[in-house]
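Residue-level structure breakdown
If you want the building blocks of each chain, they are given just below.
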Amino acid sequence: MGLLRHCLPAVLCLAAAAAGAQQQPADRFPAAAMSFLGTELPAMEAAVAARDRDYFEEAMGRMLDFSGSWGFKSQDNPALVRFPMCTEAVSDFLVVGMCRIMTTADGCEPGLAARFNANLQKCRELASRQ
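Residues numbered from 1 in each chain as written. Predicted model: local features only at pLDDT ≥ 70, side-chain atom pairs only at ≥ 80, totals over all residues. Heavy atoms only, no water.

**Description of the packing of helix 4 (residues 84–101) against helix 5 (residues 112–128)**
At a minimum axis distance of 9 Å, the contact between helix 4 and helix 5 shows a crossing angle of 140°. Judged on the interaxial angle alone, helix 5 and helix 4 are oblique. Crossing of helix 4 against helix 5: the hand is left-handed. Only Leu112, Ala113, Arg115, Phe116, Asn119, Leu120, Lys122, Cys123 and Leu126 of helix 5 make contact with helix 4, whose side of the interface consists of Met85, Cys86, Glu88, Ala89, Asp92, Phe93, Val95, Val96 and Cys99. (Axes fitted to C-alpha atoms, helices over the stretch in contact; angles between N-to-C directions. Helix = DSSP H or I, 4+ residues; strand = E, 2+ residues; numbered from the N terminus. Parallel < 35°, antiparallel > 145°, perpendicular 65-115°, else oblique. Left-handed = near helix turned anticlockwise from the far one by under 90°. Contact = heavy atoms within 4.5 Å.)

**Overview of the pattern of salt bridges**
Tallied over the entire structure, the rule returns 3 salt bridges. Here glutamate 40 makes a salt bridge to arginine 62, at a shortest N to O gap of 2.5 Å. Of this pair, glutamate 40 sits in helix 2 (residues 29–50) while arginine 62 is found in helix 3 (residues 54–70), placing the two residues 22 residues apart along the sequence. Classification of glutamate 40 by relative accessible area gives buried; the value is 4%. When the shortest N-O distance is used, the salt bridge between arginine 115 and glutamate 109 registers 3.4 Å. With relative accessibility at 46%, the residue glutamate 109 sits in the partly exposed group. (Salt bridge = Lys/Arg side-chain N within 4 Å of Asp/Glu carboxyl O. Buried < 20%, exposed > 50% of the residue type's maximum accessible area, 1.4 Å probe, protein only.)

**Considerations on a negative patch on the surface**
Side chains of Asp52, Asp54, Glu57 and Glu58 sit close together on the surface and give a patch of like negative charge. Tracing the backbone through its elements, the reader meets glutamate 58 in helix 3. Since its relative accessible area comes to 51%, glutamate 58 is described here as exposed. (Patch = residues over 30% accessible without salt bridge, like charges linked within 9 Å, V, L, I, M, F, W, Y side chains within 5 Å. Areas by Shrake-Rupley, 256 points an atom, 1.4 Å probe, with all protein chains shown as cover. Lys, Arg positive; Asp, Glu negative; His and termini not counted. Charge placed at Lys NZ, Arg CZ, Asp CG, Glu CD.)

**Regarding the packing of aromatic side chains**
Each pair of aromatic rings is reported with the distance of its centres and the angle of its planes. In the structure shown here, the tally under the stated rule is 7 aromatic pairs. Where phenylalanine 29 meets tryptophan 70, the ring centres are 5.2 Å apart and the plane angle is 65°; that geometry is what we call edge-to-face. With phenylalanine 29 in helix 2 and tryptophan 70 in helix 3, this pair connects stretches of sequence that are 41 residues apart. For tryptophan 70, a relative accessible area of 2% puts it in the buried group. Measuring from centroid to centroid gives 5.8 Å for phenylalanine 36 and phenylalanine 93, while their planes differ by 80°, and the two rings are edge-to-face. (Phe/Tyr/Trp six-rings, centres within 6.5 Å; stacked < 30°, edge-to-face > 60°.)

Distances and angles like these do not, on their own, reveal function.
This is the structure in structure tokens:
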């Protein structure tokens, strides 16, 4: 199914358009990203187990709100460029989850889950230092 291939560009465009005008200090971003993912990942695991695709639509809105509030996926907060592991973990978690349900979807690259897990671990390490 080309759902991921067709939706991901729209998600990224919406994230850029939703970038908030009021930015938070960039050094707090890893902790905020881990807090966001700490809430979303258990819910995503439950959705994957239940094969609940509705979760992903709702979670996409939350991810867009989060990314917009920090101004990543846009030029609004260039200070976040030093935290690519965290921005990518937030951006990729939904695709990784959907690929666990729709394993043959076009956007499901073989290394995506491993890259996500590595980024998540690196972001977690940064957040623990704050």
